[in-house]
Amino acid sequence: MASTDQESGTPAVNNNISYEPVGKAQKLVLMSTVTRIVCLGLWLFIVILLFIALIVLATNSKTIEDIPITLNVQNVSAYSYMLSVIVFGLVYSLWRLGFSIYLFITNVKGYFLIDFYGDKIISYLLATGTAAGFAATKDVKTYFSQQFQFLDLEDGELDGFCSMGYASASLVLIAFICTAMLSVMSSYAFAANAKPRA
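Residues numbered from 1 in each chain as written. Predicted model: local features only at pLDDT ≥ 70, side-chain atom pairs only at ≥ 80, totals over all residues. Heavy atoms only, no water.

1. Remarks on the environment of Met-164
Tracing the backbone shows Met-164 in helix 4 (residues 159-194). Considered as a pair, Met-164 and Leu-57 are 107 residues apart in the sequence and their alpha carbons are 7.0 Å apart. Contacts of Met-164, omitting those with residues within four sequence positions, involve Val-56, Thr-59 and Asn-60. (Helix = DSSP H or I, 4+ residues; strand = E, 2+ residues; numbered from the N terminus. Contact = heavy atoms within 4.5 Å.)

2. Observations concerning the packing of aromatic side chains
Given two aromatic rings, their pairing is described by the distance between the two centres and the angle made by the two planes. Counting across every chain of the model gives six aromatic pairs. Judged by centre distance (5.8 Å) and plane angle (70°), the rings of Trp-43 and Tyr-92 are edge-to-face. Of this pair, Trp-43 sits in helix 1 (residues 24-58) while Tyr-92 sits in helix 2 (residues 77-106), and the two are 49 residues apart along the sequence. On the accessibility criterion, Trp-43 (0% relative accessible area) is buried. Ring centres of Trp-95 and Phe-99 lie 5.2 Å apart, and the angle between their planes is 10°; this geometry places the pair in the stacked category. Separated by four residues within a single helix, Trp-95 and Phe-99 lie in helix 2, roughly one turn from each other. Phe-99 gets classed as buried once you look at its relative accessible area, which sits at 16%. Linked through ring pairs, Trp-43, Tyr-92, Trp-95, Phe-99 and Tyr-102 together constitute an aromatic cluster. (Phe/Tyr/Trp six-rings, centres within 6.5 Å; stacked < 30°, edge-to-face > 60°. Buried < 20%, exposed > 50% of the residue type's maximum accessible area, 1.4 Å probe, protein only.)

3. Thoughts on the pattern of salt bridges
By the definition in use, this model includes one salt bridge. Asp-119 is the salt-bridge partner of Arg-96, the closest N and O atoms lying 3.2 Å from each other. With a gap of 23 residues between them, Arg-96 in helix 2 and Asp-119 in helix 3 (residues 112-146) connect regions that are remote in the sequence. Taken as a pair, Arg-96 and Asp-119 share a single burial class, namely buried. (Salt bridge = Lys/Arg side-chain N within 4 Å of Asp/Glu carboxyl O.)

4. A few points about the UniProt feature "transmembrane region" (unreviewed entry) in the protein chain
In the numbering used here, UniProt assigns the feature "transmembrane region" (unreviewed entry) to residues 37-58, 78-105, 117-136 and 166-191. A helix fraction of 100% and a strand fraction of 0% characterise residues 78-105, whose end C-alpha atoms lie 40 Å from each other. (UniProt positions renumbered as here; feature names shortened; annotations may be inferred.)

5. A few points about the side chain of Ser-168
Along the chain, Ser-168 turns up in helix 4. Setting aside residues no more than four positions away along its own chain, Ser-168 makes contact with Ala-53, Val-56, Leu-57, Met-82 and Ile-86.

Quick look at the structure:
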């Protein structure tokens, strides 16, 4: 049983017990480590998404024999733009992934200015690439359905081509959402790093 102070009747404090409270700095270090791991996972996920989107879009092709015309990334301007955005986003994501791994291993904190501007630029580009991909796919399907009714096209003949276009644009959309999340995280990191120290 715990001993009590005879004069006041309150429990006596055992001064032999040592306490090690978790300081604010320790919490910040833990949060920083978790945040870095999350960022690494997101950048790896973005690289995978953009790589698959690149393959899907580059291999998407449909030849209409009656005209004749071949629909592919070279003949659809919006697809060409989306392909350029995917390539740029893939290169940037690979660089950010490698750079983040380097900073995590060496435990170097900083370079938030590059993160701040780079993440925002790439997220905006991916957003425009996504919009271009969805719009182009819809326009292609509508155009051939309405303007070329005299062609001997079977029902759903362009569905495969359009489905591949929608799939590629959807992958870029998911990549955009991930980069937008990373952009917000880099904004918080930049704001925290920019605070004047007492």
